[in-house]
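# Tertiary structure, described
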Amino acid sequence: MKNSLIQKYNVPGPRYTSYPTVPYWNEADFLYQNWIDSLKKTFVETNSKEGISLYIHLPFCESLCTFCGCNKRITKNHSVEHPYIAAVLKEWILYCKILGEKPQIKEIHLGGGTPTFFSPKNLEDLINGIFCYATKAKDYEFSFEGHPNNTTHEHLKKLYDLGFRRVSFGVQDYSEKVQKAIHREQPFHNVAKVTFWAREIGYTSIGHDIIFGLPFQEIEDVIDTIEKTKSLQPDRLAFYSYAHVPWIKGNGQRGFKDDDIPKDLEKKMLYQIGKELLLDNGYYEVGMDHFALETDSLYDAFKNGELHRNFMGYSSSKTQLMIGLGVSSISDSWYSFAQNEKNIEDYYQVLEWDKLPIFRGHLLTDEDLVIRKHILNIMCQFETSWENKQDYFEEIPEVLTQLQEMEKDGLLLIANNSIQVTESGKPHIRNICMAFDLHLKRKAPETELFSMII
């Protein structure tokens, strides 16, 4: 893509893990009881048919990775494990009392932080504690994030025995210089070891996360990382753009200078070279930033129009109700969002009062639900349509003006009240989604909120 187009479209923008995005939640009109009512409504409508999803946030890490903007607590003190798991299980029991009957769990995802900070025994206690009050839905899918440096064979075997069949390992980049800059030093043989263990044990989907645009990263680094990745043949890959957000408190993104980070055309080249290599090695692009082999369930979901995206990322199945457990976790009833306390001590305190540890949320309006559908369509299927009356909204003419400009630049095609993203437009999915984002249009951010799109 020409440098002029990169400059044109390289603007700050949301990643659209939700719509509306968190900064545009209407917190003032959200009440605790709103979430309870919405939760129960969706549970009654969907539990017997599709089940629910659980995201469990495990926030502890032994060291700080300076590329990371996630909610975490840095400590080498493993005595924090047991009280945290006890708190998560108490939160789950509170939810089950509200729901009134045993949930069918379709998906579980353990994220962080570093889930493998926790011992295999404590993770076993967590999952067994969850299923004291729940059952497994048909065709359930359980997954977790593993750190290659501390994931043991026992971790993998224990979670496999508990029903986990998918694991993702954070690779980022294999360059020693880049690893040192982001404080994530892990040799290739650590990643190879855990990948081979997982395959030997029987995991059916092994994922690697790679990031482009990291400090000091060059084209040769991306090529080397993907060549090494090719030798391990993970079933799916996330190829993320580094989100530089140094203004977020506690994210540690000050271990390098801004001048050390690839920008604009240089960063674009890292993406293009990396994507070409992935496609050449048999991976298919499925949604924004994600690639999968045709044998992986994520590819099947994309091909069959069933790919879904929520706060856990891309998923091969959809549940309308997703409950987030643990500090900072976000829950989604489809009609409402609710986020837990972000500070661990506050999280513990609210649970002591026998209340769900929610500190903010948003009730989706009818307009929000329509826009959310379009953004999900674009991110999951690279197309959307407003041909049906219920998918049309008043601002479509204004949106079309923006889309026509993007069509001139080759990012998409407009036809019959619908759009389809072109190959050139796939790196600009977030730009296309922003054209539909009415909250963002009505109130532009006054301070730094979002990372640059490219």
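Residues numbered from 1 in each chain as written. Predicted model: local features only at pLDDT ≥ 70, side-chain atom pairs only at ≥ 80, totals over all residues. Heavy atoms only, no water.

Another aspect to go through is the packing of aromatic side chains. As enumerated under the stated definition, the model contains 23 aromatic pairs in all. Consider the rings of Phe144 and Tyr203, whose centres lie 6.3 Å apart with planes at 65°: the pair is edge-to-face. One end of the pair, Phe144, is in strand 5 (residues 135-146); the other, Tyr203, is in the loop between helix 7 (188-201) and strand 7 (205-212), and 59 residues separate them in sequence. No difference in accessibility class separates Phe144 from Tyr203, as the two residues are buried. In textbook terms, an aromatic cluster arises when at least three aromatic residues are bridged by ring pairs, as seen for Phe131, Tyr140, Phe142, Phe144, Tyr160, Phe164 and Tyr203. (Phe/Tyr/Trp six-rings, centres within 6.5 Å; stacked < 30°, edge-to-face > 60°. Helix = DSSP H or I, 4+ residues; strand = E, 2+ residues; numbered from the N terminus. Buried < 20%, exposed > 50% of the residue type's maximum accessible area, 1.4 Å probe, protein only.)

Attention shifts here to the UniProt feature "binding site: [4Fe-4S] cluster" (unreviewed entry) in the protein chain. Residues annotated by UniProt as "binding site: [4Fe-4S] cluster" (unreviewed entry) correspond here to Cys61, Cys65 and Cys68. Residue position: Cys65 is located in the loop between strand 2 (60-61) and strand 3 (73-74). Assessed through its relative accessible area of 12%, Cys65 is described here as buried. Its relative accessible area of 15% is what places Cys68 among the buried residues. (UniProt positions renumbered as here; feature names shortened; annotations may be inferred.)

Looking along the chain, the bond that leaves Tyr19 and enters Pro20 is cis, with omega of -5°. Note on placement: Pro20 falls in the loop between helix 1 (3-9) and helix 2 (32-50). We note that Phe382 has phi near 65°; this positive angle belongs to a residue other than glycine. Summarising the element assignment, Phe382 is placed in the loop between helix 12 (366-381) and strand 17 (383-385). Non-glycine residue Asn416 carries a positive phi angle of around 50°.

Per the stated rule, a full pass over the model turns up four cavities of 30 Å³ or more. Approximately 210 Å³ is the volume attributed to the largest cavity. Considering the residues around the largest cavity, the lining is formed by 15 residues, among which Phe212, Ser241, Asp289, Pro427 and Ile453 are closest to the centre. Here the residues of the lining of the largest cavity sort into eight nonpolar, one polar and six charged. Of the domains in this structure, domain 1 (1-18 + 365-453) and domain 2 (21-325) are the two that each give at least three residues to the lining of the largest cavity. (1 Å grid on protein atoms, 1.4 Å probe; cavity = no way out; pocket = protein on both sides within 12 Å on 5 of 7 lines; lining within 4 Å. Points joined across faces, edges and corners; volume = space filled by probe spheres on them. Nonpolar A, V, L, I, M, F, W, Y, C, P; charged D, E, K, R; others polar. Domains from an automatic or database assignment.)

Applying the stated criterion across every chain yields a total of 20 salt bridges. Lys90 is the salt-bridge partner of Asp354, the closest N and O atoms lying 3.2 Å from each other. Separated by 264 residues along the polypeptide, Asp354 in the loop between helix 11 (344-352) and strand 16 (358-363) and Lys90 in helix 3 (residues 81-99) bring together distant segments of the chain. On the basis of relative accessible area, Asp354 is assigned to the exposed category, the value being 52%. A single salt-bridge network, built from bridges that share partners, covers Lys275, Glu285, Glu423 and Lys426. (Salt bridge = Lys/Arg side-chain N within 4 Å of Asp/Glu carboxyl O.)

Attention now moves to the packing of helix 3 against helix 11. Closest axis-to-axis distance for the helix 3/helix 11 pair is 10 Å, and the angle between their directions is 45°. As summarised for this structure, helix 3 and helix 11 are arranged oblique, according to the angle between their axes. When you trace helix 3 past helix 11, the crossing you get is left-handed. Residue-level contacts link Pro83, Tyr84, Ala87, Val88, Lys90, Glu91 and Leu94 of helix 3 to Tyr347, Tyr348, Leu351 and Glu352 of helix 11. Here the residues of the contact of helix 3 with helix 11 sort into eight nonpolar, no polar and three charged. (Axes fitted to C-alpha atoms, helices over the stretch in contact; angles between N-to-C directions. Parallel < 35°, antiparallel > 145°, perpendicular 65-115°, else oblique. Left-handed = near helix turned anticlockwise from the far one by under 90°. Contact = heavy atoms within 4.5 Å.)

Among the nonpolar cores identified, the biggest contains 55 residues, and Trp92, Ile105, Leu110, Phe164, Tyr203 and Ile323 are the most heavily contacted of them. Once you skip the residues sitting within four places of it in the chain, Phe164 turns out to touch Ile108, Leu110, Ile127, Phe142, Ser143, Phe144, Leu159 and Tyr203. (Core = buried A, V, L, I, M, F, W, Y, C linked by side-chain atoms within 4.5 Å.)

Turning next to the side chain of Thr116. Secondary-structure assignment places Thr116 in the loop between strand 4 (104-112) and helix 4 (120-130). Side-chain polar atoms of Thr116 contact the backbone nitrogen of His147, separated by 3.2 Å. Setting aside residues no more than four positions away along its own chain, Thr116 makes contact with Phe144, Glu145, Gly146, His147, Asn150, Thr151 and His155. (Polar contact = N/O pair within 3.5 Å; in protein donor to acceptor, adjacent residues only side chain to side chain.)

Feature annotation in UniProt assigns "binding site: S-adenosyl-L-methionine 1" (unreviewed entry) to the following positions: Tyr55, Gly112, Glu145 and Ile330. Residue position: Tyr55 is located in strand 1 (residues 52-58). On the accessibility criterion, Tyr55 (13% relative accessible area) is buried. With residues near it in sequence (within four places) discarded, Tyr55 still touches His109, Gly111, Gly112, Met312, Met322, Ile323, Gly324, Leu325 and Ser329. Among the polar contacts listed, one links the side chain of Tyr55 to the side chain of His57, at a separation of 2.8 Å.

Let's shift gears to helix 3. The end-to-end C-alpha distance of helix 3 is 27 Å, a good match for the 27 Å that 19 residues give at a rise of 1.5 Å each. Those residues of helix 3 that sit buried are Glu81, Tyr84, Ile85, Ala87, Val88, Leu89, Glu91, Trp92, Leu94, Tyr95, Cys96 and Leu99. In the segment just after helix 3, Gly100 is the residue with positive phi, at about 85°. (Expected span 1.5 Å × (residues − 1).)

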